[in-house]
Amino acid sequence: MRTRSVVGVALAASAICVATVQVRAGGDKVAFPENFAQGVMYTTVDRADNKQYRELFVTPAAVEAAKKGEPLPSGTVITIVQYKAQLDAQDNPVKDANGRFVKGDLIGYGVMEKRTGWGAEYSPEIRNGEWEYQAFTADKKVNAKANLTGCFQCHKPLPSSQDFVFSYDKMKSAAKQ
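This write-up is about the structure you can find in this document. (Residues numbered from 1 in each chain as written. Predicted model: local features only at pLDDT ≥ 70, side-chain atom pairs only at ≥ 80, totals over all residues. Heavy atoms only, no water.)

**Brief notes about the sheet that holds strand β2 (residues 52–58)**
Pairing between sheet strands relies on hydrogen bonds along the backbone, with the strands arranged either parallel or antiparallel.
For step 1, the next point in the chain: Reading across the sheet, the five strands line up as β1-β2-β3-β4-β5 and stay open at both edges, with antiparallel pairing between neighbours. Of all strands in the sheet, those with a lone pairing partner are β1 (40–47) and β5 (131–137), marking the two edges. Strand-to-strand, the axes of this sheet are offset by a mean angle of 20 degrees, without reference to chain direction.
For step 2, the next point in the chain: In the packing of helix α3 (residues 148–155) onto the sheet, contacts are made with β4 (103–114) and β5, and the angle to β5 comes to roughly 130 degrees. (Pairing = 2+ DSSP bridges. Helix = DSSP H or I, 4+ residues; strand = E, 2+ residues; numbered from the N terminus. Axes fitted to C-alpha atoms, helices over the stretch in contact; angles between N-to-C directions. Contact = heavy atoms within 4.5 Å.)

If you want it as structure tokens, here you go:
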């Protein structure tokens with residue numbers, strides 16, 4: 001009898017550990033991509049809603065896949081470098097001669113990474129293919145306050161034909177560096 005209860009407790013503890021790992025899986029898989037700037041900066045984005053200027057970098061293999069209209073390969077890392085937009089005296093973003101925001105101080109990074117087999121722990125209502133997300137502070141540490149579920153919710157409505165990536169079409173026209 002005692003053996004059964006010990007086995008039962010061990011099985012229950014194992015189930016709790018597995019559930020904990022699944023809940024923590026997501027962003028814990030994504031490390032800061034130290035060499036992101038050696039990739040391709042394929043677009044910039046002005047975000048009026050939060051007064052940010054953003055630069056998007058991706059691995060060269062992803063650019064090649066997008067140019068062919070293919071899914072982005074396993075190992076693709078998209079890095080979004082986030083800057084405050086410079087502001088004028090009225091707290092409006094300063095614009096350059098082309099009408100684009102002028103970047104100010106670095107505020108953080110957003111990272112999407114795709115790996116074969118990732119995402120299986122998510123329900124179909126939130127899963128974005130094999131992508132995981134992570135947010136980092138300006139000093140490249142994990143931003144513990146980030147809402148990573150919001151990343152999944154935002155990207156989920158995008159079609160799988162563009163691999164759940166807003167800027168997929170921008171990659172198609174990116175110059176390989």
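That covers the picture; the talk isn't over yet.
**Overview of α3**
For step 1, the next point in the chain: Taken residue by residue, α3 has L148, F152 and H155 as its buried positions. The arc that holds every buried residue of α3, seen down its axis, measures 80 degrees, which confines them to one face.
For step 2, the next point in the chain: N-cap assignment for α3: the residue whose side-chain oxygen lies 3.3 Å from the backbone N of T149 is N147. (Buried < 20%, exposed > 50% of the residue type's maximum accessible area, 1.4 Å probe, protein only. Arc of directions from axis to C-beta. Polar contact = N/O pair within 3.5 Å; in protein donor to acceptor, adjacent residues only side chain to side chain.)

**So, the side chain of R54**
For step 1, the next point in the chain: With respect to the helices and strands, the residue R54 is situated in strand β2.
For step 2, the next point in the chain: For the buried R54, which has no salt bridge, the nearest side chain bearing the opposite charge is D49, at an N-O separation of 6.6 Å.
For step 3, the next point in the chain: At a separation of 2.8 Å, a polar atom in the side chain of R54 contacts the side chain of Q52. (Lys, Arg positive; Asp, Glu negative; His and termini not counted. Salt bridge = Lys/Arg side-chain N within 4 Å of Asp/Glu carboxyl O.)

**A look at the pattern of salt bridges**
For step 1, the next point in the chain: Scanning the entire structure with this criterion turns up ten salt bridges.
For step 2, the next point in the chain: Between E132 and K29 there is a salt bridge; the shortest N-O distance is 3.6 Å. A residue pair is termed long-range when its members are at least 10 positions apart, and E132 in strand β5 and K29 in the loop between α1 (2–28) and β1 qualify at 103 residues.
For step 3, the next point in the chain: For E132, a relative accessible area of 0% gives the class buried.
For step 4, the next point in the chain: A residue is classified by how much of its surface remains accessible, and K29, at 29% relative accessible area, is partly exposed.
For step 5, the next point in the chain: The network of salt bridges with common partners includes K29, E121 and E132.

**Here's the deal with unusual backbone geometry**
For step 1, the next point in the chain: Of note in the backbone geometry, K51 takes a positive phi value of approximately 55 degrees without being a glycine.
For step 2, the next point in the chain: In this model, D91 sits at a positive phi of 70 degrees, which is unusual for a non-glycine residue.
For step 3, the next point in the chain: Summarising the element assignment, D91 is placed in the loop between β3 (77–85) and β4.
For step 4, the next point in the chain: According to the relative accessible area criterion, D91 is partly exposed, its value standing at 40%.

**Some thoughts on the pairing of β2**
For step 1, the next point in the chain: Counting buried positions over the seven residues of β2 gives seven, a clear majority of the element.
For step 2, the next point in the chain: Taking every second residue as pointing to the same face, both faces of β2 are buried, with Q52, R54, L56 and V58 on one and Y53, E55 and F57 on the other.
For step 3, the next point in the chain: In the sheet, β1 pairs with β2 via seven bridges, with the strands oriented antiparallel. Along β2, the bridge assignment pairs V40 with V58.
For step 4, the next point in the chain: Counting the residues in the hairpin turn of β1 and β2 gives four residues, including K51, whose phi is positive at 55 degrees.
For step 5, the next point in the chain: When β2 meets β3, the two strands line up antiparallel, connected through seven bridges. When the sheet's bridge partners are listed, F57 is paired in β3 with T79.

**Things to note about the environment of Y168**
For step 1, the next point in the chain: Within the element layout of this structure, Y168 appears in helix α4 (residues 168–172).
For step 2, the next point in the chain: Using a relative accessible area of 2% as the deciding quantity, one classes Y168 as buried.
For step 3, the next point in the chain: For the pair Y168 and L72, spaced 96 residues apart in sequence, the C-alpha to C-alpha distance is 8.9 Å.
For step 4, the next point in the chain: Every residue in contact with Y168, bar those within four places of it in the chain, is listed here: A65, A66, G69, E70, P71, L72, S161 and Q162.
For step 5, the next point in the chain: Separated by 2.6 Å, the side chain of Y168 and the backbone oxygen of E70 make a polar contact.

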